[in-house]
Each structure stands twice: as C-alpha cells, then as structure tokens.
Amino acid sequence: MDEKKQKNPMLISGVIWGISLFLTVTYYLVRYVLPDGVEYRNWLQIVGILFTLLWMPLTFFGFLLCCIWVWNKKRNESWVVLRVVLTILTVLGGLGSAIVLLLITVLSLVEIGSESKFAEGILVVSNYVLQAGNPELSYYSYDGPDGLFLREEYGSMVDIVLISLERKYEEKFRLLYEEEDKVTHYWVVSMENADLRFPVGIVYGHVVDDYPTGWTFYKMKEAAGIICPDREISMVQRSVTAEPDTYIQIFCEGIEDMETCSEDVAALITAALEEDFLWEPGRNITMNIVCSMNGREEGNVYLYFGNYRSNLAEYSYAVDAFTDPSLVYKLLLDQYDVISAGIQEVTGTESPIVHEDSTYFVEGAYKVLYEELFATEDYAYDCRYNAKGNFYGWLCEGTGELESVPGVTFTYTETVVYDRISKNNKCHLFVHYRTYYQDGAEYTTAILDMYAVDMETGEVYTSGRHAWADVGSAEYCEATGEP
C-alpha cells in the first residue's frame, strides 16, 4: 500500500507532463502545416509561449522530483544524502532554468506586439521591436468559423489605404492606379472631387499620404484659372521612396517675368491659405519655382508655407510668409543673379542684373541709404568688402576727442557696415560705426546709429540706437519687425 502511495505522485505528474508534451507538439505541428500567410491569433500565440516556456518546464521538473524521491525511497538509509543532493541540484537547476525561460517568455511576448480591430473583418498588429521606435503594423483578416484561432495576412493594401484616409480626412476616396518603381505608391482620388488626387505610400505598415499637397494643388489650380491662366502649374513627385514626397511646381520664364511671377505665386499661396486646412499642424507645403533663362531651366527656388509645426512652416518661415510678393521676388532675384553670374563666367557677357540698381541687393540698399543720409554731408561713396567678403561703406576719417578721455586726441574712421536681413525678411540692416585709433592701434568703437532699408520700397529708417541693447524708433521697429 505504501509503495502504491509513493508511485501515485510520480504517475500523476508523469501523466500531466505527457499530456502537456502532446499538446505542445500538436500546437507546433499545426503551426508548421498552416498555409503561407496564415498564423495563430495573438491570444493563442501567447498561450503557446506560456505553455511551452513555463508550464512544460514546470511539469517536467515536478515529474523529475517525484521520480528522484520514489527511486531513492527504495534504497537504504545510506542513500538519503544522495537523494537530498539530487533534489537540491534539481531545484536549483529548475530555478535557474525558470529565470532564463521567464526572460525569454517576456521577450517573446513583447515581440508578438498587440492585436486590435482595424475594421470589420480586419485586424491590425503592432510590432514594437523596431529600431526607429515606431511600431511596425501588419494587417490580417479573421473572418469565418476559425477566425477565433487563426488570422490570414491581408491580401491587398488598397482597402487599408482607403479606410485609413477616410478616417483621417472624413472623406471617401477611390484607387486611381498603382505605381511601382522600386516602391509601390497608390494614387487615389477624392470621390467628391475627381481633380483632387495624390499619392499614398506604406511605411512599416503605416499609411503615409500627401493629401495636403494634393488639396493645395487643386486649390491653386482652381485659383490659377483666374489669376494666371497662362502660367504652367503642376504637382511633381520629388523622389522614389516609400514615403510620398511631392511638391507643387510653377515656372518663371526669365528675368523679365520675375515681378509678375512673384505676384502670381503670392496670390496662389494666399488663395490656398484662405481656408483653415493648411493652418492645422503637420500640413506643410513645398513649392518649387523653376527659373528659366533663354529657354532653358537653370535653377530652382523652393518656398515653404502651411503649418509644419508650432505655427511655422518648414525652416521656420511664417505659415503665410510668401503671401508677400516682395519676399518671393527677393528669392527669385537672388537665384537669377547666380544664374547670370554663371553665364557671365562662361560666355563673358555682361550680367543683366546690376546690384547697385536694386535695393533687394545690399549694394543697392546702401546706395539709397548713402544718397539719403550722407551724400549731402560730403562723405565719400566708397563700397568695400572685408576679408570675409562682408560689405561695408567707408565714409571718412578724421580726428577728435572722447568724452571718457578728455584732452586726448584720437584719429577715427566712420563706416557703415552691413549687418543682416531683418527678422521679417523685409529690410536690409546697417550699423554706422566710428572707430577710434591711438598710435595706429584700435582704441574703441562707438555706434552712431543703426539703419534699415526696405527692400521693396527703398525707404530708409533711422533707429536712433547707439548700443545693441537700445530700442529703435517706432518707425524702425515697425519696418523691421524687431526692436
């Protein structure tokens, strides 16, 4: 009777472990024979991992302990030490294995990710094991009687794309066509407006679209029919990547077209920004103005508008900065200046752009400043550049005293040094310095005033500032957008 009682624990534990082994083998055999694209649901995968890595070792070690105990009971008392040693080793080995298996279990469960319902009959699985930190998404169908246990990889991403877009923009879309060139892009069109079309890509299972550019292009195309019906405007795919990268393109047909083109572009951007859509975060638009000269495309000017983030466009431009045609004109002028300089270097022909004739250039702004403030004072008109290539105007030299050092005569020079463009991108800023010298060495420098020249109008503003910390005049502050 005692022997039967001793064998019962071993028999029971052996049966439990045997059944567990059978279920585990069955689980993996069924998984092995499943068709491609079909796999267990998340809950069943979790059960399989827990069963394999925790329950199976637990039942095995329980059975092993029972075997050791019963086997040693048959021996005489001299085997007691051996039985104890074997039991301790088995327990320690079991604990060590349990810790390792527990870590493996946790890692395996994390790798499974999370499963949720995406739409009727469609599951989305987020896998968080990704170096970028963003989850990778996979989509599956789970219809039918076996849907509780199995899921099948979703065949077409078109449904996923259309459902995602409908949820994001509260508008229905349909597939226009698929485009494959190293990566797949789905061109979709609005069901409400056949002219509103844009590309969509899939990045780690995430639907990434260029709806804002498509929407803006449609609005601009509509406005262009009234503002500039003869000007070519198009939407262009910048590069072949999984994430669609498009921009709006327009052409400037030479130096003589710069002013008209600037006004057209500013008007088109204004029309696009009239509605709230582009003021919402994450809706930055890029526009490329192709600069042509002598019938050839020679350069590009990129403009950025819309709310990229924090109510600013990309590269920290104001959302509506380029609704001002003078800012667009300044960029076009700079680009055509570069183009003309390149042509001049190759052909030897004189550039049609003269810096001193335009206040958009530093030299032209200084010329206006000089004529208004210094020409009548008999100051020299002498434009120079320092070793770093920075512009300054040399006015005069003379002798005088400093209030801080009475009775000492110093020599001095006066210069007007170009500082920078104002924060609102409307004015060139200059600083009027008087630099004192003693025995040929620079002693100190005083700021006599600071000036601003409006690039569009050529109007000159004096600030009355004599130190960087000083606040400028009201007119100066209004013109520059800064103190």
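Note that the structure is predicted; figures quoted are calculated from it, not measured.

Some points on the layout of surface pockets
Now for step 1: In this structure, the largest pocket occupies an estimated 470 Å³ of space.
Now for step 2: Listed by contribution, the elements that provide at least two residues to the lining of the largest pocket are helix H4 (158–169), strand E9 (206–209), helix H5 (211–227) and strand E12 (285–293).

Remarks on the pattern of salt bridges
Side chains bearing opposite charge may pair, as long as their charged atoms lie close to each other.
Now for step 1: Following the criterion strictly, the structure yields 17 salt bridges and no others.
Now for step 2: In this structure, the salt-bridge partner of Arg296 is Glu298, at a minimum N-O distance of 3.8 Å.
Now for step 3: The class of Glu298 is partly exposed, set by a relative accessible area of 32%.
Now for step 4: With a shortest N-O distance of 3.5 Å, Asp419 and Arg420 are connected by a salt bridge.
Now for step 5: Asp419 gets classed as partly exposed once you look at its relative accessible area, which sits at 33%.
Now for step 6: By relative accessible area, Arg420 is classed as partly exposed at 31%.
Now for step 7: Among the charged side chains, a salt-bridge network with shared partners connects Glu39, Arg41, Glu115 and Arg151.

Concerning helix H8 (residues 362–373)
Now for step 1: Its 12 residues place the ends of H8 16 Å apart at the C-alpha level, agreeing with the 16 Å of an ideal helix rising 1.5 Å per residue.
Now for step 2: Taken as a whole, H8 has its buried residues at Val362, Glu363, Gly364, Ala365, Tyr366, Leu369 and Tyr370.
Now for step 3: Looking at the packing, one finds that the buried side of H8 touches strand E14 (382–385), strand E15 (391–402), strand E16 (405–421), strand E17 (427–438), strand E18 (441–454) and strand E19 (460–462).

With respect to the sheet that holds E16
Now for step 1: Spatial strand order, E14-E15-E16-E17-E18-E19: six strands in an open sheet with antiparallel pairing. Among the strands making up the open sheet, the edge pair consists of E14 and E19. The mean inter-strand angle of the sheet, taken between neighbouring strand axes irrespective of direction, is 35°.
Now for step 2: Taken together, the 10 bridges between E15 and E16 define a ladder with antiparallel strand orientation. Within the sheet, the bridge partner assigned to Glu397 lies in E16 and is Thr413.

Here's the deal with the sheet that holds strand E3 (residues 122–127)
Now for step 1: Read across the open sheet, the five strands follow the order E1-E5-E4-E3-E2; overall the sheet is antiparallel. Of all the strands in the sheet, the pair left with one neighbour each is strand E1 (38–40) and strand E2 (114–119). Geometrically, the sheet is characterised by an average inter-axis angle of 40° between neighbouring strands, direction not taken into account.
Now for step 2: The sheet contact formed by E2 and E3 spans five bridges and is antiparallel. Bridge pairing in E3 places Glu115 opposite Val125.

The rules behind the values
- Residues numbered from 1 in each chain as written.
- Predicted model: local features only at pLDDT ≥ 70, side-chain atom pairs only at ≥ 80, totals over all residues.
- Heavy atoms only, no water.
- 1 Å grid on protein atoms, 1.4 Å probe; cavity = no way out; pocket = protein on both sides within 12 Å on 5 of 7 lines; lining within 4 Å.
- Points joined across faces, edges and corners; volume = space filled by probe spheres on them.
- Helix = DSSP H or I, 4+ residues; strand = E, 2+ residues; numbered from the N terminus.
- Salt bridge = Lys/Arg side-chain N within 4 Å of Asp/Glu carboxyl O.
- Buried < 20%, exposed > 50% of the residue type's maximum accessible area, 1.4 Å probe, protein only.
- Expected span 1.5 Å × (residues − 1).
- Contact = heavy atoms within 4.5 Å.
- Pairing = 2+ DSSP bridges.
- Axes fitted to C-alpha atoms, helices over the stretch in contact; angles between N-to-C directions.

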